[in-house]
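# Inside the fold
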Amino acid sequence: MTDIHDLLGPYQSDLTDAEIETLAVRAGQYRTQEHEHSEAIFPSSSYVFKSAAEAQATFRGELEGNVYSRYTNPTVRTFEERLAAMEGGEAGAATASGMAAILSVVLAHLKAGDHVICSQSVFGSTINLFEKYLRKFGIDIDYADPVNTADWKAKSRAETRLFFLESPSNPVMEVADLEAIAAVAKDVGALFAVDNCFCTPAIQRPLDFGADLVIHSATKFIDGQGRCLGGAVVGSKELIEPVVGVLRTAGPTMSPFNAWVFTKGLETLSIRMKAHTENCAVVAEWLSQHPKVARVNFCGLASHPQKALIDKQQRLAGGVLSFEVEGGKDAAWQVIDSTRMISITANLGDTKTTITHPATTTHGRITEEERLAAGISQGLIRVAVGLENPQDVIKDLARGLDAL
Ligand SMILES: *Cc1c(COP(=O)(O)O)cnc(C)c1O
């Protein structure tokens, strides 16, 4: 390990024997001649050279150095190094949003004629990206059940190049067997990408279970306070290099300011994920005792049908739950509309608790049949529990539930 007292310039990236909480506050640090303790921010679009010859050498890549912030930026680089270290990956690439991360992976690693297998329960915009835009460029997509590994195998073809999933799934918290699906992907010769936005590396590290790429919307728990949009891809150098190529050419890169916010967000990620999980568990236990609640989906409940798999893959249950009330949409809307504090929004991963009705928001564009196949009834409500006192969240939910 580098002696931190000697650190000047780039980049504290050899903390390979350190634990994740240490990596979160130390990895990737860049220190300037000012000897600042907290990470500096470099909001500069371009960089200067001492001479024409130095400019030429830097442009050619013979000299290490920054050229232009669509290519490299020290603040962005610190975030990439830190997140990659926490995910246990060799390299990372930061993007303008989570969707830009998914798009960059697709542009870097797929071509016309390729076939993608995507979990049937992923973020709505991911399905839109695949259906509206990938198909336009001659890429075919099939959807598989994340809890049924055999389904992934059955839908594979010679042209299958990418497996894509989220685990646990949104909003019903079904867990995919990452190791088993990674084995199928390897067999088929497909890359296996996991959108790790719900867990973050503080809870789950998909690369440890054989995934090739981890994708993030940093907008959610990595920021953790609902301020900035951003995303990232982590994996081996070999797989990240083409992604960086797309970013440099097409330009959906992360702004230095956002990278700085996310870098500081990573420092408190582990303790925040613990607090989100603890609060979520208190709310989930209360909901499961409530006579008007038919079902609670939360990875921390002893009754979760995939408890053993959760214990294997996740350090914690996470901060999101969903529950079902009898009485369909009207009852669900009544519970949502009776809240006075909880934010009615489809966003998650914020200090503020959020509540949403998946059937008419995040999953409003798919058919009722597809919704039911994914376990999303009209009575289902999703809550991403924040950092308020959970008793106040319970009080806010009780108002509507008690009146049903
Ligand atoms: C929000 C989200 C995205 C998209 O991220 P943006 O930063 O909004 O572009 C992708 N996947 C999941 C699971 C998300 O929750």
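See the structure printed just above.
First things first, this report covers the structure right here in the doc. Small disclaimer: the values here were computed from a predicted structure and weren't measured.

Below, the discussion takes up the packing of aromatic side chains. Inspection of every chain in the model, using the stated rule, returns six aromatic pairs. Centre to centre, the rings of F49 and F59 are 6.2 Å apart; their planes meet at 55°, and the pair counts as tilted. With F49 in the loop between α1 (20-26) and α2 (52-60) and F59 in helix α2, this pair connects stretches of sequence that are ten residues apart. Judged by its relative accessible area of 26%, F49 is partly exposed. Here K220 stacks its cationic end above the ring of F123, 4.8 Å away from the centre of that ring. Above the plane of the ring of W333 lies K329, whose end atom (NZ or CZ) is 4.3 Å from the centre.

The ligand sits among S97, G98, M99, F123, E166, D195, C197, S217, T219, K220 and G230. Between an oxygen atom of the ligand and a main-chain N or O atom of G98, the distance comes to 2.8 Å. D195 is positioned such that a nitrogen or oxygen atom in its side chain is 2.6 Å from a nitrogen atom of the ligand. Its free accessible area being 380 Å², the ligand has 92% of it covered by the protein chains. In terms of residue class, the shell around the ligand is made up of three nonpolar, five polar and three charged.

The axes of two packed helices give the description: the angle between them and the distance between them. Interhelical geometry of helix α10 (residues 269-289) versus helix α14 (residues 390-402) gives an angle of 30° and a closest axis separation of 9 Å. Judged by the inter-axis angle, α10 sits roughly parallel to α14. For the element pair α10 and α14, the recorded crossing hand is right-handed. In this structure, α10 uses N279, V282, V283, W286 and L287 to contact α14, whose residues at the interface are P390, Q391, V393, I394, L397, A398 and L401. Counted by class, the contact of α10 with α14 contains ten nonpolar, two polar and no charged residues.

Our focus in this paragraph is the nonpolar core. Judged by nonpolar contacts, the single largest core of 64 residues is most densely connected at F79, L321, F323 and I381. With six residues, α10 is the largest single contributor of residues to this core. If we ignore the near neighbours within four places in the chain, the residues touching L321 are M173, C280, V283, A284, L287, N297, F298, I381, R382, V383 and V385. Formed by 26 residues, the second largest nonpolar core is a distinct cluster that contains C118, F130, L162 and I215.

Each value, and the rule that gives it
- Residues numbered from 1 in each chain as written.
- Predicted model: local features only at pLDDT ≥ 70, side-chain atom pairs only at ≥ 80, totals over all residues.
- Heavy atoms only, no water.
- Phe/Tyr/Trp six-rings, centres within 6.5 Å; stacked < 30°, edge-to-face > 60°.
- Helix = DSSP H or I, 4+ residues; strand = E, 2+ residues; numbered from the N terminus.
- Buried < 20%, exposed > 50% of the residue type's maximum accessible area, 1.4 Å probe, protein only.
- Lys NZ or Arg CZ within 6 Å of the ring centre and 35° of its normal.
- Near = heavy atom within 4 Å.
- Polar contact = N/O pair within 3.5 Å; in protein donor to acceptor, adjacent residues only side chain to side chain.
- Areas by Shrake-Rupley, 256 points an atom, 1.4 Å probe, with all protein chains shown as cover.
- Nonpolar A, V, L, I, M, F, W, Y, C, P; charged D, E, K, R; others polar.
- Axes fitted to C-alpha atoms, helices over the stretch in contact; angles between N-to-C directions.
- Parallel < 35°, antiparallel > 145°, perpendicular 65-115°, else oblique.
- Left-handed = near helix turned anticlockwise from the far one by under 90°.
- Contact = heavy atoms within 4.5 Å.
- Core = buried A, V, L, I, M, F, W, Y, C linked by side-chain atoms within 4.5 Å.

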